[in-house]
Amino acid sequence: MAETKYMESHEYIRLDGDVGVVGISKYAQEQLGDVVFVELPETGKTVSKGDEAAVVESVKAASEVYAPVSGEIVEANSELEANPGLVNEDPEGKAWFMKIKLSDKGELDTLMDADAYDKFVEEQG
Amino acid sequence: MTQGSEAAETLKRTPLYDLHVELGAKMVPFAGYEMPVQYPLGVLKEHLHTRSKAGLFDVSHMGQAFVQGPDHATTAAALEALVPGEIAKLGLGRQRYTMLLNATGGILDDLMVTRSVSEADDGRLMLVVNAACKDADYAHMNAHLDGNVTLEPVEDRALVALQGPTAAAVMAKWCPQAADMGFMTASSAEFDGIDCHISRSGYTGEDGYEISIAADKVEQLARTLLSHDDVEAIGLGARDSLRLEAGLCLYGHDIDETTSPVEADLVWSMSKRRREEGGFPGADRIQGELRDGPSRLRVGIKPDGRAPAREGAEIVDGDGKTIGSITSGGFGPSAEGPVAMGYVESVHATPGSQIGLMVRGEARPARVVELPFVPHRYYRKSK
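Here is a short report on the structure shown in this document. (Residues numbered from 1 in each chain as written. Chains lettered and ligands numbered in written order. Predicted model: local features only at pLDDT ≥ 70, side-chain atom pairs only at ≥ 80, totals over all residues. Heavy atoms only, no water.)

### Section: the overall build of chain A
Counting its secondary structure elements, chain A contains four helices and 10 strands. Over its C-alpha trace chain A gives a radius of gyration of 13 Å, about what one expects of a compact globule, namely 14 Å for 125 residues. Based on the C-alpha atoms only, the size of chain A along its principal axes is roughly 35 × 35 × 25 Å. Per-residue burial over chain A gives 50% buried out of 125 residues. Across chain A, the fraction of contacts at a sequence separation of at least 24, relative to all contacts at a separation of at least 6, is 62%. Carbon and sulfur atoms provide 42% of the accessible area of chain A, an area that totals close to 5,900 Å². (Helix = DSSP H or I, 4+ residues; strand = E, 2+ residues; numbered from the N terminus. Rg over C-alpha atoms; globule rule 2.2 N^0.38 Å. Buried < 20%, exposed > 50% of the residue type's maximum accessible area, 1.4 Å probe, protein only. Contact = heavy atoms within 4.5 Å. Areas by Shrake-Rupley, 256 points an atom, 1.4 Å probe, with all protein chains shown as cover.)

Right, dumping it as structure tokens:
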């Protein structure tokens, strides 16, 4: 299984060939609470690392989901529009947000691996 | 996701603080207090539980105070000089919603006023005011209440609310007389042997009670209520979504010092006598708005799509011109979709009006709708 990398803003990306599967971490969904709405990007759109690529809303607040890498959106998980609660149930599995075809795989090196991310989350308290 | 820990030392705690922590609540700063925003159940389930069974809310941060005068007529007249509500004709043990007004008819705070339950204490009104406003409210009343009527803040009592369709059955187990109380009435009662002051009212649109009780007895009361299978502890998150679905105003958001009771669509809280006679602060403006119609009005707003519109979102007409803004907005778990309230120019305030809500730079279609989003289920005593 491919390695999962994380951003400090709690998005993950898991590489599958040239395409990265992007979502929000288990920790992020715990902090958000019950997810009630997800807004996904159009496929074909190009994003740069750090761009606002999607929106996730809990009962109380809206949060941006940032692109962890630059590239083209090749697929969005429309299942989440019908069933946003999936983000709470299986954030790092079935509840992926989008697939991005990476324009520069080197960007992955700037992200944290699972151990580093766990440590980062712990420091967040 | 800031924790607000830098301010923790100056935050106050209610007498139920330890119980909240024991129950696993996530505590947040709110109106100067450390309050539970949610428990492990989560906002969504807490909301739905309150609509299906009964939820227990700690509202001890709110300000409880007595306004005391020699007799009801004198006390009522003194308070009526500050609020537009009908206080003079309030019966013994009856409760009413009203608001403190500034000189221009803007709302300083909204509050509940209850006339004393027994003849022996008549001349006394009990107030419940918002936590964030209480110091300013007390200063305002101290400065403006007539000389022989005085304000006495109550500092040694806690306040909890039990809300939901089974609240009456739950209360009856330890306080049989509560079952028979009418909506917006109050009673002195014993709950499992503890003296308390109960009113049949709340902030969720559901049947339920608010129970004022000695601070050192409230934990015993809360634990007793929570021992009932129907009762869950409910945090501020669900309190907000419940009151929004019920179309009830949150002070500082849906009403403030610039909004009048007419603009806020709270005219129902004023009697015919008070509308005609005036005699409250800002009567010129308020009577003018009653005569000519207000320039803007608080309305319910239902987005057509699934995207919630949050507080501050601009409201636009079909040409993209700004006609108002959202004052409360989010997801309604019982409405099963996004719900909001806001002010629009009066020409757009008719239910069914098509409007746009600016969310992330895009005008999203929405409609003006009647409030509430979820029907009120208050207890009405059969005659």
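Picking up after the structure, the text goes on.
### Description of the packing of aromatic side chains
Aromatic rings in a pair are described by how distant their centres are and how their planes are angled relative to each other. Taken as a whole, this structure holds five aromatic pairs over all chains when the rule is applied. Relative to Trp268 of chain B, the ring of Tyr97 of chain B has its centre 5.6 Å away and its plane inclined at 15 degrees; by these criteria the two rings are stacked. Placement of the pair is Tyr97 of chain B in strand E5 (residues 95–101) and Trp268 of chain B in the loop between helix H7 (236–245) and helix H8 (272–277), with a sequence separation of 171 residues. Site record: aromatic cluster; members linked through ring pairs are Tyr6, Tyr117 and Phe120 of chain A. The side chain of Arg124 of chain B reaches across the aromatic face of Phe66 of chain B, ending 4.1 Å from its centre. When the ring centre of Tyr379 of chain B is taken as reference, the NZ or CZ atom of Arg200 of chain B above it lies at 3.8 Å. (Phe/Tyr/Trp six-rings, centres within 6.5 Å; stacked < 30°, edge-to-face > 60°. Lys NZ or Arg CZ within 6 Å of the ring centre and 35° of its normal.)

### What about unusual backbone geometry?
Residue and element names in this part refer to chain B. Note the cis peptide between Leu371 and Pro372, where omega equals -5 degrees. Assignment of secondary structure puts Pro372 in the segment after strand E19 (362–369). The phi dihedral of Ala31 is positive, around 50 degrees, even though this residue is not glycine.

### Digging into helix H5 (residues 167–174) of chain B
Helical geometry: 3.6 residues make up each α-helical turn, so side chains three or four residues apart lie on a common side. All names here are of chain B. Within H5 the residues assigned to the buried category are Ala167, Ala168, Val170, Met171 and Trp174. Axial view of H5: buried residues confined to an arc of 160 degrees, hence all on one face. Looking at H5, the residues exposed on the side facing more than 90 degrees away from the buried face are Ala169 and Lys173. (Arc of directions from axis to C-beta.)

### Topic: the pattern of salt bridges
Throughout the structure, instances matching the rule amount to 28 salt bridges over all chains. Notably, a salt bridge pairs Arg273 of chain B with Glu86 of chain B, separated by 2.8 Å at the nearest N-O pair. One end of the pair, Arg273 of chain B, is in helix H8; the other, Glu86 of chain B, is in the loop between helix H3 (72–80) and E5, and 187 residues separate them in sequence. For Asp207 of chain B, the salt bridge identified is with Arg200 of chain B, shortest N-O distance 2.8 Å. Accessibility assignment for this pair places Asp207 of chain B and Arg200 of chain B in one class, buried. Within this structure, Glu39 and Glu57 of chain A together with Arg310, Arg360 and Arg364 of chain B form a network of salt bridges that share partners. (Salt bridge = Lys/Arg side-chain N within 4 Å of Asp/Glu carboxyl O.)

### Digging into the interface of chain B and chain A
Between chain B and chain A, the residue contacts involve 15 residues of the former and 12 residues of the latter. Summing both partners gives a buried area of about 1,400 Å² for chain B against chain A, and 53% of it is carried by carbon and sulfur. Among the salt bridges present, the one from Glu57 of chain A reaches Arg310 of chain B, with a minimum N-O distance of 2.6 Å. Inspection of the chain B/chain A interface yields eight residue pairs in polar contact (both at pLDDT 80 or more). (Buried area = accessible area lost by both parts, 1.4 Å probe. Polar contact = N/O pair within 3.5 Å; in protein donor to acceptor, adjacent residues only side chain to side chain.)

### Observations concerning the nonpolar core
For soluble globular proteins, the rule of thumb is that nonpolar side chains tend to be buried together. With 43 residues, the main nonpolar core has Ile107, Ile255 and Leu266 of chain B as its most contacted residues. For this core, the elements supplying multiple residues, two or more each, are strand E4 (35–39) of chain A together with E5, strand E6 (107–115), strand E7 (124–129), strand E9 (157–163), H7 and helix H9 (283–292) of chain B. The dominant element in this core, judged by the number of residues it contributes, is E5 of chain B, at three residues. Residues Leu16, Val170, Ile213 and Leu225 of chain B belong to the second largest nonpolar core, which totals 28 residues. (Core = buried A, V, L, I, M, F, W, Y, C linked by side-chain atoms within 4.5 Å.)

### Things to note about the sheet that holds E9 of chain B
Residue and element names in this part refer to chain B. Strand order in this open sheet of six strands is E10-E11-E12-E9-E3-E13, and the pairing throughout is mixed. The open sheet has two free edges, formed respectively by strand E10 (186–191) and strand E13 (231–233), since each of these has just one partner strand. Ignoring strand direction, the axes of neighbouring strands in this sheet form an average angle of 30 degrees. With three bridges joining them, strand E3 (residues 54–58) and E13 adopt parallel strand pairing. Residue pairing across strands places Leu56 opposite Ala233, the latter belonging to E13. (Pairing = 2+ DSSP bridges. Axes fitted to C-alpha atoms, helices over the stretch in contact; angles between N-to-C directions.)

### Concerning the environment of Glu72 of chain A
Residue and element names in this part refer to chain A. Its place among the elements puts Glu72 in strand E8 (residues 71–76). For Glu72, a relative accessible area of 34% gives the class partly exposed. Measuring from C-alpha to C-alpha, the distance between Glu72 and Ser103 comes to 7.6 Å, with 31 residues separating the pair along the chain. Ignoring sequence-local partners within four residues, the contact set of Glu72 consists of Gly44, Lys45, Thr46, Lys99, Ile100 and Lys101.

### Some remarks on the side chain of Glu34 of chain B
Along the chain, Glu34 of chain B falls in strand E2 (residues 33–38). A polar contact of 2.9 Å, which involves the side chain of Glu34 of chain B, links it to the side chain of Arg13 of chain B.

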